[in-house]
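Read off the chains here:
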Amino acid sequence: MIEVIDLKKSFGELEVLKGITTTIKAGEKVAIIGPSGSGKSTFLRCLNCMEDPTGGAVIFDGVNIADMKVDINAHRRHMGMVFQQFNLFNNKTVLGNIMLAPVHIALSDLRKKKVKNFFLKIGNLFRKNKKPLYKINTTKAKIKEEARENALRLLKRIGLEDKADAYPSTLSGGQKQRIAIIRALAMNPKVMLFDEPTSALDPEMVGEVLDLIKQLADEGMTMVIVTHEMGFAREVATRVLFMDDGKILEDNTPEELFGNPQNPRTKEFLSKVL
């Protein structure tokens, strides 16, 4: 699903990623662990080009999305992203936050079809062989209603349907993060990227967020998760990458990496955190 080839990223003279090559297959749950400053979050953000790679390629569904000529926004629709700090819009209700992206994209697609049909109709006035128009089987009202129904369904799934009309500032950290997760799910992504989703939470709120991520994992969602939760990585991941100094130093199953690490730096790191 995602093939990373010799990925590099520098900020000025600081080289953060030093040539990463790996493949993330459909259905995999890949946990990325390592010390602070090792390049984990930068690597994750390069996977959907929120950070433009300095070199190398990120092949997603057969397309190098690191190519500046590619319409990256079209591909980001299929890559859900969950951040440390929730990134909810405080001026919108919970429902408004979840509906925002699906409605915006659907309305944009609708407008594009209408514009194309307009020019096709003009062109057909001068053509012997008329070109077919794009089918339009929706309306603005229908788009918004379907997005609302989907948002309410997702809120019910996490037991927060009563918060639909609330604003983010009134919610706990755990509630905000769960809403951030289902906001990403509202786009029906092919892969979910999690950047330390529990690091900004109080300890008692961590469990409710991890439980939701575990549910998604059990349902077969492809995931890449930067995490400091070693127990979670061991339990949920199908593969664990250990990063340090901008490189992947070890790539193995949770059983092997935690139980029998091969790289001396991995051994040193795990001895301090387990």
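The structure this text deals with has already been given above.
Residues numbered from 1 in each chain as written. Predicted model: local features only at pLDDT ≥ 70, side-chain atom pairs only at ≥ 80, totals over all residues. Heavy atoms only, no water.

**Student:** So what about the overall build of the chain? Which residues, and what values?
**Tutor:** Along the backbone of the chain there are nine helices and 10 strands. If you line up the chain on its principal axes, its C-alpha atoms span 75 × 45 × 35 Å. In the chain, which comprises 274 residues, the proportion classed as buried is 48%. Pairs at least 24 apart in sequence give 67% of the contacts found in the chain among residues at least 6 apart. (Helix = DSSP H or I, 4+ residues; strand = E, 2+ residues; numbered from the N terminus. Buried < 20%, exposed > 50% of the residue type's maximum accessible area, 1.4 Å probe, protein only. Contact = heavy atoms within 4.5 Å.)

**Student:** How would you explain the sheet that holds strand β5 (residues 63-64) if you had to name every residue and give the values?
**Tutor:** Pairing in this open sheet of four strands is antiparallel, and the strands run β2-β1-β4-β5 from one edge to the other. Among the strands making up the open sheet, the edge pair consists of β2 (14-24) and β5. As paired elements, strand β4 (residues 55-60) and β5 share two bridges and run antiparallel to each other. Within β5, the position partnered with F60 by the bridge is V63. In the packing of helix α1 (residues 40-47) onto the sheet, contacts are made with β1 (2-11), β2 and β4, and the angle to β1 comes to roughly 120°. (Pairing = 2+ DSSP bridges. Axes fitted to C-alpha atoms, helices over the stretch in contact; angles between N-to-C directions.)

**Student:** For the nonpolar core, give the residues involved together with the corresponding values.
**Tutor:** Counting residues in each nonpolar core, the largest one holds 43 residues, and the members touching the most others are L155, I179, I181, M192, F194 and M223. Of all the secondary-structure elements, those providing two or more residues to this core are α3 (94-124), α4 (140-157), α5 (173-185), β7 (191-195), α6 (203-218), β8 (222-226) and α7 (230-236). In terms of residue count, α6 provides more of this core than any other element does, eight residues in total. The contact partners of M223, leaving out residues within four places of it in the chain, are E28, K29, V30, V191, M192, F194, I213, L216 and A217. If you look at the next biggest cluster of nonpolar residues, it comprises 28 residues, including I2, C46, V58 and V191. (Core = buried A, V, L, I, M, F, W, Y, C linked by side-chain atoms within 4.5 Å.)

**Student:** An account of the packing of α5 against α6 is needed here, citing residue identities and associated values.
**Tutor:** What describes two packed helices is the angle between their axes and the distance between those same axes. The contact between α5 and α6 brings their axes to 8 Å, and the two run at 20°. Here α5 lies roughly parallel to α6, going by the angle between them. As α5 runs across α6, the sense of the crossing is right-handed. For the pair α5 and α6, contact is made by G173, G174, Q175, Q177, R178, I181, I182 and L185 and by M205, E208, V209, L212, I213 and L216, respectively. Tallied by class, residues from the contact of α5 with α6 come to eight nonpolar, four polar and two charged. (Parallel < 35°, antiparallel > 145°, perpendicular 65-115°, else oblique. Left-handed = near helix turned anticlockwise from the far one by under 90°. Nonpolar A, V, L, I, M, F, W, Y, C, P; charged D, E, K, R; others polar.)

**Student:** Give me the lowdown on the pairing of β1, citing residues and values where you can.
**Tutor:** Sheet topology note: the β1/β2 ladder contains eight bridges and is antiparallel. Following the sheet pairing, L7 is matched in β2 by I20. With antiparallel pairing between neighbouring strands as the criterion, β1 and β2 make up a hairpin whose turn holds two residues, including G12 at a positive phi of roughly 65°. Pairing analysis gives five bridges linking β1 to β4, with the strands arranged antiparallel. Bridge assignment links V4 to a residue of β4, and that residue is V58.

**Student:** Which residues make up α4, and what values do they have?
**Tutor:** The terminal C-alpha atoms of α4, which comprises 18 residues, lie 26 Å apart, in line with the 26 Å expected from a rise of 1.5 Å per residue. For α4, the set of buried residues is I143, A147, N150, A151, L154 and L155. Down the axis of α4, the buried side of the element spans an arc of 140°, and every buried residue falls inside it. For α4, the exposed residues set more than 90 degrees away from the buried face come down to A141 and K156. Those residues of α4 that are buried are in contact with α3 and α5. (Expected span 1.5 Å × (residues − 1). Arc of directions from axis to C-beta.)

**Student:** Quick rundown of the packing of α3 against α5? Include the residues and the values.
**Tutor:** At their nearest, the axes of α3 and α5 sit 8 Å apart, and the two run at 30° to each other. With respect to their mutual orientation, α3 and α5 come out roughly parallel. Judged by the sense of rotation from one axis to the other, the crossing of α3 with α5 is right-handed. In this structure, α3 contributes V94, N97 and I98 to the contact, and α5 contributes I179, I182 and R183.

**Student:** Summarise a nonpolar patch on the surface; cite the residues concerned and give the values.
**Tutor:** Nonpolar side chains collect at one region of the surface, where V115, F118, F119, I122, L125 and F126 lie side by side and expose about 700 Å² of accessible area between them. With respect to the helices, strands and loops of the structure, L125 is situated in the loop between α3 and α4. (Patch = residues over 30% accessible without salt bridge, like charges linked within 9 Å, V, L, I, M, F, W, Y side chains within 5 Å. Areas by Shrake-Rupley, 256 points an atom, 1.4 Å probe, with all protein chains shown as cover. Salt bridge = Lys/Arg side-chain N within 4 Å of Asp/Glu carboxyl O.)

**Student:** So what's going on with the environment of P102? Which residues, and what values?
**Tutor:** When you line up the elements, P102 lands in helix α3. In this structure, the C-alpha to C-alpha distance between P102 and Y134, residues 32 residues apart in sequence, is 20 Å. For P102, the contacting residues outside a window of four places in its chain are A186 and M187.

The analysis is restricted to geometry; functional conclusions fall outside its scope.
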